[in-house]
Amino acid sequence: MYEFVSGPLVWIAFIIFVGGSLYKIYRMLSGAKKDMTLFRHMSLKHSLNSLVHWVIPFNNQYMQKRPPNTVLK
């Protein structure tokens, strides 16, 4: 029983997980295409800029207004 659970059953669970995740992403993207305002404002440059902006401490207004909260998190 242990060999079955640690062998083929793990692969079955992994395939179901990956398949379900891909299906969920597909459904979310197909639903989001109806709202084209989202895609007009999305770009790789803006996404990376936003990510860097939030990773660096004290780089946005919220963190500058509340430094103790930033340091304690």
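Predicted model only: the values in this text are computed from it and were never measured. (Residues numbered from 1 in each chain as written. Predicted model: local features only at pLDDT ≥ 70, side-chain atom pairs only at ≥ 80, totals over all residues. Heavy atoms only, no water.)

Considering the overall build of the protein chain
Here is the rule: By the criteria applied, helices consist of DSSP H or I runs no shorter than four residues and strands consist of E runs no shorter than two, each listed in order from the N terminus.
What the protein chain contains, in helices and strands, is six helices and zero strands. Along the protein chain, helices (α) and strands (β) appear in the sequence α-α-α-α-α-α when read from the amino end.

Thoughts on the packing of aromatic side chains
Inclusion rule: Working definition: a ring pair exists when centres of Phe, Tyr or Trp rings (six-membered ring for Trp) sit within 6.5 Å. Plane angles under 30 degrees give stacked, over 60 give edge-to-face, the rest tilted. Exposure classes here rest on a 1.4 Å probe applied to the protein chains alone. A residue is buried below 20% of its type maximum, exposed above 50%, and partly exposed in between.
In the structure shown here, the tally under the stated rule is one aromatic pair. With 6.1 Å between their ring centres and 90 degrees between their planes, Trp 11 and Phe 14 make a pair best called edge-to-face. Here Trp 11 pairs with Phe 14, and both are found in helix 2 (residues 8-32), just three residues apart, close to one helical turn. By relative accessible area, which is 58% here, Trp 11 ends up exposed. On the basis of relative accessibility, which here comes to 47%, the residue Phe 14 falls in the partly exposed class.

Comments concerning the environment of Asn 59
Note the following rule: In what follows, a contact means two residues having at least one pair of non-hydrogen atoms within 4.5 Å.
Considering the arrangement of structural elements, one finds Asn 59 in the loop between helix 4 (44-55) and helix 5 (61-65). If we ignore the near neighbours within four places in the chain, the residues touching Asn 59 are Val 52, His 53 and Gln 64.

Some remarks on the confidence of the model for the protein chain
As a reminder, the rule being used: One confidence number per residue, pLDDT, is output by the predictor and ranges from 0 to 100.
Per-residue confidence for the protein chain gives a mean pLDDT of 81, with 82% of residues at or over 70. Ranking the elements of the protein chain by mean pLDDT puts helix 3 (residues 36-40) last, at 66, and helix 2 first, at 91.

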